[in-house]
Amino acid sequence: MTDAGADAVVVTAPFYTRTHPAEIARHYRLVAAASSVPVVAYDLPASVHTKLPADLVLELAAEGVLAGLKDSSGDLGGFRRVVTGARVHPDISGFSVLTGSEVVVDSALAMGADGAVPGLANVDPLGYVRLDALCRGGDWERARAEQERLCVLFGLVGVGIRGGWG
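Criteria and cut-off values
- Residues numbered from 1 in each chain as written.
- Predicted model: local features only at pLDDT ≥ 70, side-chain atom pairs only at ≥ 80, totals over all residues.
- Heavy atoms only, no water.
- Helix = DSSP H or I, 4+ residues; strand = E, 2+ residues; numbered from the N terminus.
- Rg over C-alpha atoms; globule rule 2.2 N^0.38 Å.
- Buried < 20%, exposed > 50% of the residue type's maximum accessible area, 1.4 Å probe, protein only.
- Contact = heavy atoms within 4.5 Å.
- Areas by Shrake-Rupley, 256 points an atom, 1.4 Å probe, with all protein chains shown as cover.
- Lys, Arg positive; Asp, Glu negative; His and termini not counted.
- Charge placed at Lys NZ, Arg CZ, Asp CG, Glu CD.
- Core = buried A, V, L, I, M, F, W, Y, C linked by side-chain atoms within 4.5 Å.
- Pairing = 2+ DSSP bridges.
- Axes fitted to C-alpha atoms, helices over the stretch in contact; angles between N-to-C directions.
- Polar contact = N/O pair within 3.5 Å; in protein donor to acceptor, adjacent residues only side chain to side chain.

## Things to note about the overall build of the protein chain
Line of reasoning, step 1. The helix and strand tally for the protein chain stands at seven helices and five strands.
Line of reasoning, step 2. The order of helices and strands in the protein chain, counted from the N terminus, is β-α-β-α-α-β-α-β-α-β-α-α.
Line of reasoning, step 3. Here the protein chain has a C-alpha radius of gyration of 16 Å; the compact-globule value for 166 residues is 15 Å, and the two agree.
Line of reasoning, step 4. Referenced to the eigenvectors of the C-alpha coordinate spread, the extents of the protein chain come out at roughly 45 × 35 × 35 Å.
Line of reasoning, step 5. A buried classification covers 41% of the 166 residues belonging to the protein chain.
Line of reasoning, step 6. Sequence-distant contacts in the protein chain: of pairs separated by 6 or more residues, those separated by 24 or more amount to 61%.
Line of reasoning, step 7. Working note: accessible area of the protein chain is about 9,100 Å², and carbon and sulfur atoms make up 56% of it.
Line of reasoning, step 8. A gap of 4 Å separates the mean positions of the 14 positive and 19 negative side-chain charges of the protein chain.

## What about the nonpolar core?
Line of reasoning, step 1. Counting 41 residues, the largest nonpolar core has Y28, L52, L66, L69, V82 and F95 as the members making the most contacts within it.
Line of reasoning, step 2. At the level of elements, β1 (9-12), α1 (21-34), β2 (39-43), α3 (54-63), α4 (76-88), α5 (105-110), α6 (125-136) and α7 (140-155) are the ones that each hand at least two residues to this core.
Line of reasoning, step 3. Residue contributions to this core peak at six residues, all from α3.
Line of reasoning, step 4. Sequence-distant contacts of F95, that is, excluding residues within four places in its chain, are made with V57, A61, L66, A67, G68, L69, V82, A86 and D114.

## Notes on unusual backbone geometry
Line of reasoning, step 1. Positive phi, normally seen in glycine, also occurs at H49, with a value near 70°.
Line of reasoning, step 2. According to the relative accessible area criterion, H49 is partly exposed, its value standing at 46%.

## Quick notes on the sheet that holds β1
Line of reasoning, step 1. Pairing is parallel across the open sheet formed by five strands, whose spatial order is β1-β2-β3-β4-β5. This sheet does not close on itself; its edge strands, each paired only once, are β1 and β5 (115-116).
Line of reasoning, step 2. Relative to β2, β1 runs parallel, the two sharing four bridges. Each residue of the ladder has a partner; that of V10, found in β2, is V40.
Line of reasoning, step 3. The strands that α4 touches are β3 (68-71) and β4 (96-99); relative to β4, the one it contacts most, it runs at about 160°.

## Considering the environment of D114
Line of reasoning, step 1. Its place among the elements puts D114 in the loop between α5 and β5.
Line of reasoning, step 2. In the structure, D114 is positioned 15 residues away from T99 in sequence and 8.5 Å away in space, judged by C-alpha atoms.
Line of reasoning, step 3. Not counting the four nearest positions on each side in its chain, D114 is found in contact with F95, S96, V97, L98 and R136.
Line of reasoning, step 4. Here the side chain of D114 touches V97 through a polar contact of 2.7 Å, landing on its backbone nitrogen.

Structural data, given as structure tokens:
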């Protein structure tokens, strides 16, 4: 990967089986030890079937194992624990917290996220650039309206799928 120019790797918890937090921690430590670039944890419970615990993410960040987190879980409470924990933990610096959830970017930025990496930004990149600028500019009313517009667009992804957005 680094030969192709990768500046970091994004790594999920192990797939195919439910894992204990100790196994997840070992997994990330082994990947980081073998990686010549920073490791970003990818919290993707819909595919991995395991939610990364906030305390585990913060522990690995404090050890320098993780350089960041992309959280696509949609769990704003857990996301907030990582954002605030990373901000106040004395051994954590330079740790980047990103949301991958298309429908809560405004909320994530309001609570202190460093940014967003939503898949829908491939469909409407200008919408997410606009949303980011509105949030960073403190125009929360217009940011909410833009986020709601993007939520409607995201709803098209789930058309015909039970339990989709909208």
